Amino acid sequence: MRMNPESHEDATKTARMLVAIDKFKQNKGVGTFDHCPGFGKTREGLMILENCINSRNYSLSPYTNFLIVTPSAIIAQMWEEQIKDNFPTIQHKIFVKT
């Protein structure tokens, strides 16, 4: 079976993201993603939010509010749009600041 190069690249990128997410969880949700442009920091953040919000185990996910800090107003606006699209019922618990 021949692999699609894009899917292999996506799988590698996702694997790297999961390593970063695991380290973020080990630090109890405190930390900064400082990857190169195009790495997928927004996707990582959305994956973390989804994991925390959907977790039924409070000891693994004791978070009720989330703060996302961005380096610019443009990225903050992009985040706000992503939150509205992905988490419409709890968007009031996710705060985006520049």
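These figures come from a predicted structure and were not determined experimentally. (Residues numbered from 1 in each chain as written. Predicted model: local features only at pLDDT ≥ 70, side-chain atom pairs only at ≥ 80, totals over all residues. Heavy atoms only, no water.)

J.: Would you take a moment to explain the overall build of the protein for this structure?
T.: When helices and strands are tallied, the protein shows 3 helices and 2 strands. Put simply, the protein runs from its N terminus to its C terminus through helices and strands in the order α-α-β-α-β. Sorting the 98 residues of the protein into buried and exposed places 24% on the buried side. Of the contacts formed within the protein by residues at least 6 apart in sequence, a portion of 58% connects residues at least 24 apart. Of the accessible surface of the protein, which amounts to about 7,500 Å², a share of 55% is contributed by carbon and sulfur atoms. (Helix = DSSP H or I, 4+ residues; strand = E, 2+ residues; numbered from the N terminus. Buried < 20%, exposed > 50% of the residue type's maximum accessible area, 1.4 Å probe, protein only. Contact = heavy atoms within 4.5 Å. Areas by Shrake-Rupley, 256 points an atom, 1.4 Å probe, with all protein chains shown as cover.)

J.: Honestly, a nonpolar patch on the surface in this entry has me stumped. Any pointers?
T.: Taken together, the side chains of Leu 67, Val 69 and Phe 95 make up a nonpolar region of the molecular surface, amounting to roughly 310 Å² of accessible area. Note that Phe 95 resides in strand β2 (residues 94–97). A residue is classified by how much of its surface remains accessible, and Phe 95, at 39% relative accessible area, is partly exposed. (Patch = residues over 30% accessible without salt bridge, like charges linked within 9 Å, V, L, I, M, F, W, Y side chains within 5 Å. Salt bridge = Lys/Arg side-chain N within 4 Å of Asp/Glu carboxyl O.)

J.: Please explain the nonpolar core as it appears in this structure.
T.: Nonpolar side chains in soluble globular proteins generally cluster together in the buried interior. If you look at the biggest cluster of nonpolar residues, it comprises 15 residues, and the most contacted ones within it are Leu 49, Ile 68, Trp 79, Ile 83, Phe 87, Ile 94 and Val 96. For this core, the secondary-structure elements that each account for two or more residues are α1 (5–26), α2 (41–54), β1 (66–69), α3 (73–86) and β2. No other element matches the 4 residues that α2 contributes to this core. Discounting chain neighbours no more than four positions away, the residues touching Ile 68 are Leu 49, Trp 79, Ile 83, Ile 94, Phe 95, Val 96 and Lys 97. (Core = buried A, V, L, I, M, F, W, Y, C linked by side-chain atoms within 4.5 Å.)

J.: So what exactly am I meant to see when it comes to the pairing of β2 here?
T.: A regular strand carries its side chains on alternate faces of the sheet. The side-chain alternation of β2 yields one buried face, formed by Ile 94 and Val 96, and one unburied face, formed by Phe 95 and Lys 97. As paired strands, β1 and β2 are joined by 4 bridges and run parallel to one another. Residue pairing in the sheet places Ile 68 in a bridge with Val 96 of β2. Handedness of the crossover joining β1 and β2 through α3: right-handed. (Pairing = 2+ DSSP bridges. Right-handed = clockwise from strand over helix to strand, strands pointing away.)

J.: Before we go on, may I ask you to explain the confidence of the model for the protein in this structure?
T.: Caution applies to low-pLDDT parts of the model: their predicted coordinates are not meant to be read in detail. Here the protein averages 80 in pLDDT, and 84% of its residues register 70 or above. Mean pLDDT values for the elements of the protein range from 78 in α1 up to 94 in α3. Every residue in residues 1–5 scores below 50 in pLDDT, and together they form 1 contact with partners more than four places removed in sequence or on other chains. (pLDDT = per-residue confidence, 0-100.)

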